[in-house]
Structures are given as structure tokens and as C-alpha cells.
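# An overview of the molecular structure
Below, each chain spelled out in residue letters.
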Amino acid sequence: MYGEQKATEVLKQFGTNRETGLTLLEVGARREKAGLNKLEEQKKKGVFWLFLEQLQDPLIYILMAAIAISLFLKEAGDAMIIAAVILLNSIVGVVQEDKARKAIEALKQLASPKALVRREGKECEIPSDQLVPGDIVLLEAGRQVPADMRLLQAVNLKIEESALTGESVPVNKTDEELEEKAGSIGDQINMAYMSTSVTYGRGEGVVTATGMETEIGKIAGLIGKGGNEMTPLQKRLADLGKMLSVLAVGICAFLFVVAVLQKRDVGDMLLTAISLAVAAVPEGLAAIVTIVLALSVSRMVKVGTIVRRLPSVETLGAVNVVCSDKTGTLTRNQMTVKQCYVNGELFNEEKLAKDEGELFLEACTLCNDAVLGENRLGDPTELALLDLAAKHGYEKPLLEKSMPRIDERAFDSERKRMTTVHRKGADKIAYCKGAADEIIDLCTSAMMHGKEVPFSARARKEAKAAIEQMAGNALRVLALAMKKKGDLTEEKGMVFLGLAGMIDPPREEAKGAVESFKGAHVDTVMITGDHVDTAFAISKELGIAKNKDQCMTGSQIDALPLSEFAKKVGDVRVFARVSPEHKVRIVEALRSEGKVVAMTGDGINDAPSLKAADVGIAMGKGGTDVARSAADLVLTDDNFATIEKAMREGRGIYENIRKTILFLLSSNFGEIITMLAAVLAGFPAPLKASHILWVNLITDSLPALALGMDRNDGKALMKEPPRKSTDSMFSHGGLSCTLCFGVVIGIISLLAFLTVPYQALCREQLPITLQNLEKMLRMEAVLSKAQTHAFTVLGMSQLAHAVGMRDVNKSIFRMKHLDNLYMIFACGAGVLLQLMVTEIPYFVNLFGTSRLSLGEWGILALLSCMPLVVHELLILSESLTGKVPEGLEKTEKGKKHENGGSQPSEAV
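Residues numbered from 1 in each chain as written. Predicted model: local features only at pLDDT ≥ 70, side-chain atom pairs only at ≥ 80, totals over all residues. Heavy atoms only, no water.

In this section: the overall build of the protein. Of the regular secondary structure elements, the protein holds 35 helices and 24 strands. Looking at the protein as a whole, 58% of its 908 residues are labelled buried. Sequence separation of at least 24 residues holds for 72% of the intrachain contacts in the protein that already meet a minimum separation of 6. Roughly 38300 Å² of accessible area belongs to the protein as shown, and the carbon and sulfur atoms make up 57% of that amount. (Helix = DSSP H or I, 4+ residues; strand = E, 2+ residues; numbered from the N terminus. Buried < 20%, exposed > 50% of the residue type's maximum accessible area, 1.4 Å probe, protein only. Contact = heavy atoms within 4.5 Å. Areas by Shrake-Rupley, 256 points an atom, 1.4 Å probe, with all protein chains shown as cover.)

Summed over the entire model, instances satisfying the criterion amount to 39 salt bridges. Across the pair Asp710 and Arg806 runs a salt bridge, and its minimum N-O distance is 3.1 Å. Placement of Asp710 in the loop between helix 27 (701-708) and helix 28 (714-717) and of Arg806 in the loop between helix 31 (780-804) and helix 32 (821-839) is noted, with a sequence separation of 96 residues between them. Here Asp710 matches Arg806 in class, with each residue buried. (Salt bridge = Lys/Arg side-chain N within 4 Å of Asp/Glu carboxyl O.)

Taken together, the side chains of Glu9, Glu176, Glu177, Glu179, Glu180 and Glu414 present a region of like negative charge at the surface. Along the chain, Glu9 falls in helix 1 (residues 7-14). What makes Glu9 partly exposed here is its relative accessible area of 41%. (Patch = residues over 30% accessible without salt bridge, like charges linked within 9 Å, V, L, I, M, F, W, Y side chains within 5 Å. Lys, Arg positive; Asp, Glu negative; His and termini not counted. Charge placed at Lys NZ, Arg CZ, Asp CG, Glu CD.)

Turning to the packing of aromatic side chains, a few remarks are in order. What characterises a pair of aromatic rings is the spacing of the ring centres plus the angle enclosed by the ring planes. Evaluated as defined, the whole model comprises eight aromatic pairs. Ring centres of Tyr341 and Phe496 lie 6.5 Å apart, and the angle between their planes is 45°; this geometry places the pair in the tilted category. Pair noted here: Tyr341 is in strand 10 (residues 336-342) and Phe496 is in strand 18 (residues 494-503), with a separation of 155 residues, a long-range link. Here the basic side chain of Lys158 rests over the ring of Tyr200, its NZ or CZ set 5.8 Å away from the ring centre. (Phe/Tyr/Trp six-rings, centres within 6.5 Å; stacked < 30°, edge-to-face > 60°. Lys NZ or Arg CZ within 6 Å of the ring centre and 35° of its normal.)

Spatially, the eight strands line up as an open sheet ordered 8-24-23-22-9-19-21-20, and their pairing is mixed. The two strands at the open ends of the sheet, each matched to only one other strand, are strand 8 (305-307) and strand 20 (551-553). Taken pair by pair, the neighbouring strands of this sheet meet at an average axis angle of 20°, ignoring direction. Here strand 19 (residues 523-527) runs beside strand 21 (residues 574-576); their pairing, made up of two bridges, is parallel. Residue pairing in the sheet places Ile527 in a bridge with Phe575 of strand 21. (Pairing = 2+ DSSP bridges. Axes fitted to C-alpha atoms, helices over the stretch in contact; angles between N-to-C directions.)

Note on helix geometry: an α-helix contains 3.6 residues per turn, so any two residues three or four positions apart are oriented the same way. The terminal C-alpha atoms of helix 35 (residues 866-881) lie 22 Å apart, and with 16 residues this matches the ideal 22 Å at 1.5 Å per residue to within 8%. Lining the buried residues of helix 35 we find helix 29 (734-764), helix 31 and helix 34 (854-864). (Expected span 1.5 Å × (residues − 1).)

With 13 residues, helix 22 (residues 580-592) extends 18 Å between its outermost C-alpha atoms, agreeing within 8% with the 18 Å of an ideal straight helix rising 1.5 Å per residue. Buried within helix 22 we find Pro580, His582, Lys583, Val584, Arg585, Ile586, Val587, Ala589 and Leu590. Note on helix 22: the residue one or two positions beyond its end, Gly594, has a positive phi of about 85°.

Here the focus is the nonpolar core. Looking at soluble globular proteins, one finds that nonpolar side chains tend to be buried together. By size, the foremost hydrophobic cluster in this structure holds 100 residues, and its most contacted members are Leu316, Phe496, Leu499, Phe640 and Ile661. Here the element with the most residues in this core is helix 25 (residues 641-680); it accounts for 12 residues. Not counting the four nearest positions on each side in its chain, Phe496 is found in contact with Tyr341, Ile440, Cys443, Ser445, Ala446, Met447, Phe455, Ala463, Ala479, Leu480 and Ala481. Judged by nonpolar contacts, the second largest core, of 38 residues, contains Val587, Ala589, Leu610 and Ala613. (Core = buried A, V, L, I, M, F, W, Y, C linked by side-chain atoms within 4.5 Å.)

Moving on, we come to unusual backbone geometry. Positioned with a positive phi, His521 is a non-glycine residue whose angle comes to about 65°. Position of His521 among the secondary structure elements: in the loop between helix 18 (508-519) and strand 19. A positive phi angle is found at Asp638, which is not glycine, with a value near 55°. Considering the arrangement of structural elements, one finds Asp638 in the loop between strand 24 (633-635) and helix 25.

In the sheet, strand 10 pairs with strand 11 (residues 345-348) via four bridges, with the strands oriented antiparallel. Looking across to strand 11, one finds that Gln339 is bridged to Asn348. In this antiparallel pair of consecutive strands, strand 10 and strand 11, the connection spans two residues, and Asn343 shows a positive phi of 55°.

Across the protein, the average pLDDT comes to 83, with 87% of residues at or above 70. Here residues 103-112 is a poorly scored stretch, pLDDT under 50, and it has 24 contacts once near neighbours within four places are set aside; other chains count. In this model, residues 884-908 is a region of pLDDT below 50 whose contacts with residues beyond four sequence positions or in other chains number 97 contacts. (pLDDT = per-residue confidence, 0-100.)

Time to look at the environment of Ala802. When you line up the elements, Ala802 lands in helix 31. Ala802 sits in the buried class, given a relative accessible area of 0%. Setting aside residues up to four positions removed in sequence, Ala802 forms contacts with Phe663, Pro703, Leu707 and Met823.

The subject of this paragraph is the pairing of strand 1 (residues 114-119). By the criterion of burial, strand 1 is predominantly enclosed, with five of the six residues buried. Between the antiparallel neighbours strand 1 and strand 2 (residues 122-127) lie two residues, among them Glu120 with a positive phi of about 50°. Looking at chain direction, strand 1 and strand 3 (residues 136-140) are connected through three bridges and run antiparallel. Along strand 3, the bridge assignment pairs Leu116 with Leu138.

So, on to a nonpolar patch on the surface. On the surface, Met866, Val869, Leu873, Leu876 and Leu880 cluster together into a nonpolar patch covering about 460 Å² of accessible area. When you line up the elements, Leu876 lands in helix 35.

Of note, Glu382 is situated in helix 14 (residues 380-391). A polar atom in the side chain of Glu382 sits 2.8 Å from the side chain of Lys433. The residues touching Glu382, leaving out its near neighbours within four places in the chain, are Cys367, Asn368, Asp369, Ala370, Met418 and Lys433. (Polar contact = N/O pair within 3.5 Å; in protein donor to acceptor, adjacent residues only side chain to side chain.)

The full count for this structure, using the stated rule, is zero disulfides. No disulfide involves Cys443; its sulfur sits 7.7 Å from the nearest other cysteine sulfur, which is in Cys432. Free of any disulfide, Cys737 has its nearest neighbouring cysteine sulfur in Cys740, separated by 7.1 Å. Here Cys737 falls in the buried class, since its relative accessible area comes to 0%. (Disulfide = S-S within 2.5 Å.)

Next up on the list: the side chain of Ser850. Assignment of secondary structure puts Ser850 in the loop between helix 33 (841-847) and helix 34. Ser850 sits in the buried class, given a relative accessible area of 15%. A polar atom in the side chain of Ser850 sits 2.7 Å from the side chain of Ser784. Ser850 has contacts with Ser784, Lys785, Thr788 and Thr838, leaving out every residue within four places of it along the chain.

The next subject is the packing of helix 18 against helix 25. Remark: helix 18 packs on helix 25, axes separated minimally by 7 Å, with the N-to-C direction vectors making an angle of 35°. Of the residues in helix 25, those touching helix 18 at Glu509, Ala513, Ser516 and Phe517 are Ala641, Ile643, Glu644 and Met647. Here the contact of helix 18 with helix 25 is composed, by residue class, of five nonpolar, one polar and two charged. (Nonpolar A, V, L, I, M, F, W, Y, C, P; charged D, E, K, R; others polar.)

Structurally, Val289 is set in helix 10 (residues 285-302). For the pair formed by Val289 and Ile661, sequence separation is 372 residues and the distance between their alpha carbons is 8.3 Å.

Next comes the structure, spelled out in C-alpha cells:
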């Protein structure tokens, strides 16, 4: 490492003269070898490739097979309908991804636009991307470090590295070689890193790495390597697609065997088999899930969350571990004075009396180089002192007018203090601020309640005890003193004024969010590059960790084998002094233990772990561009508590998707039962392929979308454990729900189909036998009418079933139907669409249906209500027995959700 070498050795290694810098000829040769000093951008995928990505889904493959079969059967209309569904699904996905990519495309904005360099003996300002290894770069307060460099000179130099290391205060830099090997980037105090900011002092260094070879470049490389893994929902849908594929092929093979055994026409059975295969596939499912997720984006915006990847919305609902960066996420990223020691007493800063601490507050204000305002400038510790003084009415610009600075001794890392001299009326006064132990030893008296008294040994001991107490609470302690006599710039014989203990405090809303996560059975883990004492103090205040045994450092992680670390990771609540690589390792270890992990952060050092997590969540306002680029979700208000709201929405969205999928599958199962039962009994197919496609793509789609936009009882959902990543769509009674209502829909559709030949036999006064029913159905008019009955009941019963699916644990008479106006519209539109295909001549001819009388409509409508009757019987059974029917379990020990559209996570 360059930090462990002498500056002269590093200069020799890069062949650079410190006084003159590189020649233009050398710069050109080196740039040819190293390239431009900028981060490589990932290759952008064109719209065509994004479109192809949307097609990589098992359900889409089945739909494509359905198109091929439809074209083979010369059913061009059916093929066009299915193709339109695929196109809609893909377009929605492409538009959302492209919009998000354009909204947060920022890696190229990381580098400083200008750099001050020394070349050919002259100082000049150049674009930072023109830097090469070996360049001599000059640094000063306010500039961004343009590349990684070994410092050659550091005059009171402080660099703010929180975005890279997570450390909340600027680092004092030196140009000396390191005495021992540095454990992490934060410990390499003679190095400066690309994208960090100079807050104080000046310096110069030799460039050791540019572009992708810098520390920030390595992080960008880690982000690029991380692929986009499938979310739990995508995995479940992929599994479902595979299962449906096998089912469709199995049905076709089974019916071929039936055709041979029953000696039926193989061509007819092929048509029937294709109809059954179509019935096994919910053609609108892929499009509906995508649309529901896209519509949920607007819901997420209302709770302060921008969605960059659609599937991450539902994944958030499955999260059971939230890993959070400390600085800027759990804390405010703003140093704040929490305790003061004035007049021999230690107390919280709000108890500081203005009249008792006048000189102390004057020292905080005047011995200070920071500037408050819209753009806060300066060292965070100095800004914290100005904030304290401003709270008590001390404004720096006003005070500097009445007490102008006339002399000073600037801060340096050897003295660890600074002194400013001010004119106060006809007199002069000096204020000193710096390391507490150092200043106490330089004081001979102390200010007590407005009077100067000797600084006794007892008083010194008490002051040092106060320092230890504040340091024990992870506070950074500064002492303040003054001097009125003698050489005011000589820092001896001073008057002790007091101590200020400061820390980057937790966000007020973060503690409530952590508590909410506990109630939702979600663990919070802090991961930071800061010191372990500081991290533990913040975590204890937030309720994340109770004792220090729950903390682990980066060096301890390195010492553990991967297998052992994976076993221990679940018990750790605070990880401190970690690098970006450690953060990725922690996330991966948690995921290997079956956890669904959300990672939150705002710094450059968080970006790889944001990418590695199941859900990456970046801060929108205070976050770095690279963090937002790596994240799946971005919080617009930088509020940690917003994650809880977003998680609530995520759980609700998953419930809606699950209800939608189970509704569609139970409807499809009803179609399969109708078709299979009729065929096995020797009857003609009760439904045509066009009928099934109409129901699956048109009649089912509207109520399915309405279920997807249903309102959930979010508070109740957040009291339940998150679903397991291994749970399938059929877990927790989902399979029972599908089979139960599928059987009901199949039976009533079959009854409607057989009603027509039954009535014909009654009119002819022929015996009611299967053989006679089959003969009647061979008559074209009877078959057309019977198929129309089955088609109508199938479509209408699924509308009724959608209403009950809003909440399988609540009577439809207790549901708040006005909470979901979409469902009312969907059912109304569904009835009108069904009327259209049976009453309008054009559609009657197109679908091969028969017109129905008013009496027939009445009978079919009553049959179609059977799913609701079964729904009410199940609710009645529950109320009478006090138990939920098997397979329709309720969560939270049988507690009901009173909101009309709610759906507990295990209700189906």
C-alpha cells in the first residue's frame, strides 16, 4: 500500500518530480496507458434487448405456444388476442425500466469537474478526467479530491470521507508514512480518495490511481458485476409457469389416450385437447401482474418512494431483515452537541443557560471557521458548535461585527487546537478550542458562574471524569477556553470555559421505525464504516442492539471462515469498521441463511451492497448518485421511517397479486374440470377454445385488475410475520382455495351445459341416460345452446367469485364495496361483455353462441351466484364452529380484519 511507503519512494515509483510535476509528453504517454480518469459506464441495453428481456418468462412461453397452436388451427383471431396481451405486458415493463434508468443515471457525474495540478513547473486547472498517475495535485478547502493520491503535504488538512467510509466526522490527514499496516480505507490517513471532499486546510499529493483503479472505481466495478437476481414473486411465477406447462402437456397426452380408448375421432380430440391446454393457462396473468405492479408505483410515490425495478415492490413485503447504513440513514449526517460541561456540571445541551454560559457560547461562535446558512460550509464539529450557539441566540455574523477577529493560530494536527483573538470594546480576548485533554492541561483557572476561580486538582479531575463519561456515550468531546492577559496567541495560562460533547444523532423517526419493524417480525441490522463504540451507542439508543456482544468489526469478519460467519451473522445486530466488500459479504451471508434482505444506504460505500440485496433502498435527497443508481427503490424524503410505510404497501401489493393469481387459477381450474368431466363422460366439449380465451383474457381480466388495486388493512398486515421466501402461491391454504372454488365453478358450468340436453329429453319424453344426453348433444342446435349456457355461467360465476375473493374471511354483506369501485365497474362491464357475445349477431356468429331468453338469463344468473353461496357457507361454518375451514386459515390466531377489502396474508 502506498500509505506504508515514504513520500519520496512513491514519487520515485511514479517517476515524478514534486517541484515541476509531469511534462506534457509524459502525460500523453501515461494517458495512453491508463486511459481517462473517469468511471466506466455499464453498456446500456437498447429498447429491443429490454423488450426481449420481458419475454423471458415461462408464462410468456406458454402464451407463445398458444399462438402457434391457434395459427395451426387457423384461429387467427385468437392468436392476435394472445399476441396483443404479450405485447402489452412487454411494453409496460420496458417503459417502466427505461424511465427509471433515465431518471437515475449518475455514475458519470461522480468525478470533480476540475483539478488543480502542477505540470512543467506551472500550476494550472484542468478537467479532472485528464489526470494521469504521477500527476501532482493541489488540494484546498471546498475542492473535491479528483483521484486517489498519496499525500505529500498536509497543512491542517481535513477530508470528509463519510460517503466512502461511513465515518461521520472529517479525517485529519498527514503526509507521514504509516507506522503500522492500515486495516481499512478509513485508517489510511496519508491517502486521499476520489470523490471525497476537502473541508479544511490545504495539501498536495501524487496521483496513485485513476478511473476504475481508484477505490470508488473498484466499488463501481462491484456494482457492475452484480446481476439482477429474480425476486420471490418472479420465482413463484416461474415455478407456476413451469407447472402449468407440464399440466398443459399432460392434459393433451391424457386426452390422446382417452381418444384411443374411447375410439373417438383423433382430430376432434386434438381440438378438445388444445381447448383444455388453453384452459390450463391463465393467458392474462403475466399482463395483469405487470399492470398491478405498475399501478402500485403511484401508491409508492404517495409514501415517498420511487420504484426503479417493478418486482422490488412486492419483494419489500417479504423482507425479514433490514440492513441499514448508519451515517445519513439512521442518523442525520449532521454533528450535534448533545451534552455540555459548564460551571462544573454535566447536562444535556438544552439545559444550558444563556446567562450562565455566555463566554462558553461566545467561544463556540467566534473560535470557529464554519459558516451557517443555506449552504453549510466547514468542519461538521464547528458547525455543531454554531448550531448550539444559534439555539441560544448567538449569531456569528452579528457577533463578529461587535467582536472582530484580529489574530489567530490555525488548527493543526500536532497541537490539536486553534486560537482566535478578538477585539472586545477597548480590550482584547482570545478563545481557544480543541482536544479536551490537551486544553485542560493548558488552563490554570476556570470560569464558574461568571467568576474566574483557580482550576484546582479536584476541578480538573471532575472535568476529566466528564470527558470519560461523554466519551463512554460515543460523544466526540471538545474543550473551550479563553485568555485576556499576556500574549493572547500563546496557548498557556488559559481560563477553562467548558466542554461540548457531540455526535451524529439518530433521526427522530428512525427509533419508531425500528420498533415498527420489530412488531412486523423484521430485524434491523446496522452496517457502518464508523468506529464500533459510536455504532453501538447509536444502535442502543435506537433499540437495534442491547449489548456489545451483538457487535462485530470488519477485521473479525475477515478472521472467520465463510461457513462460520454464515452461522453467526444472524445473531449480530451491528457491524462496524467495515468496507464495501464486507457489506456485500454480510448481505450474501444473510441471504444464504434464507433471509430476504433489504439494504438501505446513501453513500458510495453502500452501492455494492444495495445491488447485492434482495431490495436496495437509497436516500433521494442526501444520497450519492452512485447509491441511487444501484438501488431498486429511492426514498424521496430520506426518512428511514418511510421504509416501514413502503413495506406496508409492499405487503399489501403482494396480497393483492396473490388474490389475483388464486382467483385466475381457481377460475381456470373450473374450466379444466368442466372440460375434463364432459370429455370423460363421452360428451362433446362444453366450451370452444374461443370461449375460454374470451373468459381468460376479457371477462377475467377486469375483476383481476380490480383485486390487484384492492385496499388492504396495512396496520394488520404489519403485525404479521413476513412470508417466507420458500412459500409458494399455494401456501397457507392457497391450494385449497383454488381447488374448492374451481370445483364449484366446474360443477355449475357443467350443470348449465347439461341443462339444455336434459330439457330436450324431457320434451321428447325420453329416458334421462348418459347415452341419450350424448346423442342430444350431437345435434348442432342443442350443442350450440348448451355451450352458450356453459360459457355464460363460466364467465358470470367468475365475476361473482372475484367479489368473494376480496376477503375469504368476511361475509360479502360486511364488506365495504364502495372501497373498491373498480370491482363494481369490473363486474358491470363483465356482465355487459357477456351479454354482447350472446345477443349481438356479429359476436354470436363469431363465437358460435346462441341467443338467450330472459328466463334463461335468470336461471343462469342464479347458478352463477353459487361461488358466493359457498363463500357465505364457509363464513357461517367458521362462525358456528369458531374455526376456519381447513385450508382457509386465518392469521393472527383468528383475528378478523375489519376493513372491507382487506386480505390477510394467509387467508387464502
